[in-house]
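What the coordinates show
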Amino acid sequence: MACADFKLEIKHVDKKTGARYGVLHTPHGDVETPMFMPVGTLATVKTLSPEEIKSIGSGVILANTYHLHIRPGEDIVAKAGGVHKFMKYDGPMLTDSGGFQVFSLSEKRKISEEGVTFKNHLNGDKIFFSPEKVIEIEEKIGADIAMSFDECIPYPASYEYTKNSTLRTLRWAKRGLDAHKREDQALFGIVQGGNYPDLRKMAAEELTKMNFDGYAIGGTSIGEPKDVCFNMIDMAIKYLPEDKPRYLMGVGSLDYILEGIAKGIDMMDCVLPTRIARHGTLMTHAGRVNIKNEKYKEDFTPLDPECDCYTCKNFTKAYLRHLYVCGEQFGARLLSIHNLRFLISIVEGAREAIKEDRFEEYKNEILQKYGDSRGF
RNA sequence: GGGAGGGUAGCGAAGAGGCUAAACGCGGUUGACUGUAAAUCAAUUCCUUCGGGUUCGGCAGUUCGAAUCUGCCCCCUCCCA
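Residues numbered from 1 in each chain as written. Chains lettered and ligands numbered in written order. Predicted model: local features only at pLDDT ≥ 70, side-chain atom pairs only at ≥ 80, totals over all residues. Heavy atoms only, no water.

**What to know about the sheet that holds strand β3 (residues 29-33)**
Defined as follows: Two strands make a pair as long as DSSP finds a minimum of two bridges between them. Under the DSSP-based scheme used, a helix requires at least four consecutive residues in state H or I and a strand at least two consecutive residues in state E, with every element numbered from the N terminus. As a rule, the C-alpha atoms of each element are fitted with a line to give its axis, helices using only the stretch in contact, and angles between N-to-C directions run from 0 to 180 degrees. Residue contacts are counted whenever heavy atoms from the two residues lie within 4.5 Å of one another.
Spatial ordering of the open sheet is given by β1-β2-β3, a layout of three strands whose pairing is antiparallel. Each edge of the sheet is formed by a strand with only one pairing partner; in this case those strands are β1 (7-13) and β3. Ignoring strand direction, the axes of neighbouring strands in this sheet form an average angle of 20°. Bridge count for strand β2 (residues 20-26) against β3 is five bridges, and the pairing is antiparallel. Within β3, the position partnered with His25 by the bridge is Asp30. Running at roughly 120° to β2, helix α14 (residues 329-355) makes contact with β1, β2 and β3 of the sheet.

**A word on the protein's contact with RNA strand B**
The criterion, for reference: Working definition: residue near molecule or strand if any one of its non-hydrogen atoms lies within 4 Å of it. As used in this structure description, the phrase polar contact means that two N or O atoms lie within 3.5 Å; if the pair is within protein, one of them must be able to donate a hydrogen and the other to accept it, and residues adjacent in sequence are counted only when both atoms belong to side chains. The classification used treats Ala, Val, Leu, Ile, Met, Phe, Trp, Tyr, Cys and Pro as nonpolar, Asp, Glu, Lys and Arg as charged, and all other residues, Gly among them, as polar.
Taken together, the neighbourhood of RNA strand B is formed by 45 residues, with Lys108, Cys152, Met249, Gly250 and Val271 sitting nearest. When atoms of RNA strand B within 4 Å of the protein are sorted by moiety, sugar and phosphate together comprise 46%. The contact in question runs from a base nitrogen of RNA strand B to an N or O atom on the side chain of Arg275, over 2.7 Å. At the level of secondary structure, the elements contributing two or more residues to the surface near RNA strand B comprise β5 (61-64), α5 (99-104), β14 (267-270), α11 (272-278), β16 (287-290) and α13 (317-325). The element best represented in the surface near RNA strand B is α11, accounting for five residues. Here the residues of the surface near RNA strand B sort into 14 nonpolar, 18 polar and 13 charged.

**Overview of a positive patch on the surface**
Using the following cut-off: Patch membership needs two things, relative accessible area over 30% and no salt bridge, and members are linked within 9 Å if like-charged or within 5 Å if nonpolar (Val, Leu, Ile, Met, Phe, Trp, Tyr). Method for areas: the Shrake-Rupley scheme with a 1.4 Å probe, in which residue coverage is limited to the protein chains shown. Each reported salt bridge corresponds to a side-chain nitrogen of Lys or Arg within 4 Å of a carboxyl oxygen of Asp or Glu. His is not counted, nor are the chain ends, whereas Lys and Arg count as positive and Asp and Glu as negative. Where a charge lies is defined by one atom per residue type, namely NZ (Lys), CZ (Arg), CG (Asp) and CD (Glu). Burial classes follow relative accessibility: with a 1.4 Å probe on protein chains only, a residue under 20% of its type's maximum area counts as buried, one over 50% as exposed, and anything between as partly exposed.
Positive charge collects at one region of the surface, where Lys108, Lys110, Lys119 and Lys126 lie side by side. Turning to its location among the elements, Lys110 is positioned in strand β7 (residues 109-111). Taking relative accessible area as the criterion, Lys110 reaches 65% and is therefore assigned exposed.

**A few points about the layout of surface pockets**
Selection criterion: Points on a 1 Å grid, built from protein atoms alone, make a cavity when a 1.4 Å probe fits but cannot get out and make a pocket when they are open with protein on both sides within 12 Å along at least 5 of 7 lines; residues with an atom within 4 Å of a point are the lining residues. Grid points are joined across faces, edges and corners, and a volume is the space filled by probe spheres set on the points.
Empty space within the largest pocket amounts to approximately 1000 Å³. Surrounding the largest pocket, 44 residues form its lining, Phe100, Ser221, Gly250, Cys270 and Val271 being those nearest its centre. Counting residues per element, the ones that place at least two in the lining of the largest pocket are β5, α5, α10 (254-262), β14 and α11. Estimated volume of the second largest pocket: approximately 160 Å³. Contributing to the lining of the second largest pocket are 14 residues, with His28, His84, Gly142, Arg182 and Asp184 lying nearest its centre. Only α4 (83-87) and α6 (131-141) provide two or more residues apiece to the lining of the second largest pocket. Per-element tally for the lining of the second largest pocket: the top contributor is α4, with three residues.

**With respect to the confidence of the model for chain A**
Selection criterion: Residue-level confidence of the predictor is summarised by pLDDT, bounded by 0 at the bottom and 100 at the top.
Summarising the model, chain A shows a mean pLDDT of 96, and 98% of its residues fall at 70 or more. Interface predicted TM-score (ipTM) for the complex: 0.93; the corresponding pTM is 0.95.

**Comments concerning the packing of α14 against helix α15 (residues 359-370)**
Note the cut-off: Roughly parallel refers to an angle under 35 degrees, roughly antiparallel to one over 145, roughly perpendicular to one between 65 and 115, and oblique to any angle outside these ranges.
Their axes nearest at 8 Å, the elements α14 and α15 cross at an angle of 150°. Taken together, the axes of α14 and α15 lie roughly antiparallel to each other. Contacts between α14 and α15 involve Phe342, Ser345, Ile346, Gly349, Ala350, Ala353 and Ile354 from the first element and Phe359, Tyr362, Ile366 and Tyr370 from the second. Grouping the constituent residues of the contact of α14 with α15 by class yields nine nonpolar, two polar and no charged.

**Observations concerning α13**
For α13, the full list of buried residues reads Lys317, Ala318, Leu320, Arg321 and Leu323. Check the buried side of α13 and you find it contacts α12 (310-314) and α14. Downstream of α13 by a residue or two, Gly327 has a phi angle that is positive, lying close to 70°.

Pasting the structure below:
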């Protein structure tokens, strides 16, 4: 059953690249696309308050089904009135299904047709996730968007493995769709298929037939070369419906984000900006900055003079370095605010450029100024 | 004045004749991080022109070989007077 309050309204398509500008209507408000979505796995974007998340201009934020199932448990979240009330965040939210954990906790799991048996990464308890179980958990958590349970296939993987896994993920998608009952929650399908054009095509076409509220491209940004990732987008996106949102999973560096948008992606998420911020690495208009470097010890200039974030408007590199070096949590928070605001402002600029059919120029200008092929 | 224990790299601390330029921790420096097992992880940290050079409080010894054994000296801590 399609979610009634959920719809992507495409407002403009960039004439040269095909990049899309739109408005995504969700039960928790309207947000503009394309957008970068901060990740808040455990119902918190690490170190940030809901007010801070809002103030950086975020549209949708993520939480994670597997992690919230383990702690505190979906029933607690449901008793709190759902994840929005639980974490006091009233903007749109999305729950990832735990499919990524099938990949990242691969030593601790066993996959069968029925589902995946995990070993709880905290205490070793056995956990069983089926597509139906995941939907049940996601409905209890109550985000605006739920993701189908999938297997995030490692790269590289053989054709045979990829085909079997992709077909199983398609069967899981159908089972999840049949199990999904909440009408105030959208459900997305996830295109797998590895680096094989026919499998990506098949996955995209089969999912489209099932009529999800949106479609994600998965199995990306897990260590594959950049051109492979871009190819995986191309192989899938042309078979996805124009009028539904397209979500590129796990992408968070500047070049991938801009390239994804150019290819017609509407949504992206990544832990990268928040994680590397906590580890002292910042994305700025002038490229990558490692705030712990000794050269910033007496640098009393802002981290990024072109940035409008709270951190850049109020603090110096010397102070940020000091906080980082001393392990002060306020430092992690200021740096997280900056990296998220930086990426989100870049995407805001992308939306403006799309409206004016100059996305290509915008993308090139940003990347040239950034000057780092790795993109962060 | 008497007694006991110590002095090892920036700091703390192992080592008690060759495998030791010297474990380990901290601190320092550098790097990685992409649907968060990540406030984590990795590398490096006496000097060097990469051949080597100079080290374990100081000096003098013993030994083929000493941070490690001996003597003297200097300094520190604690206890008793």
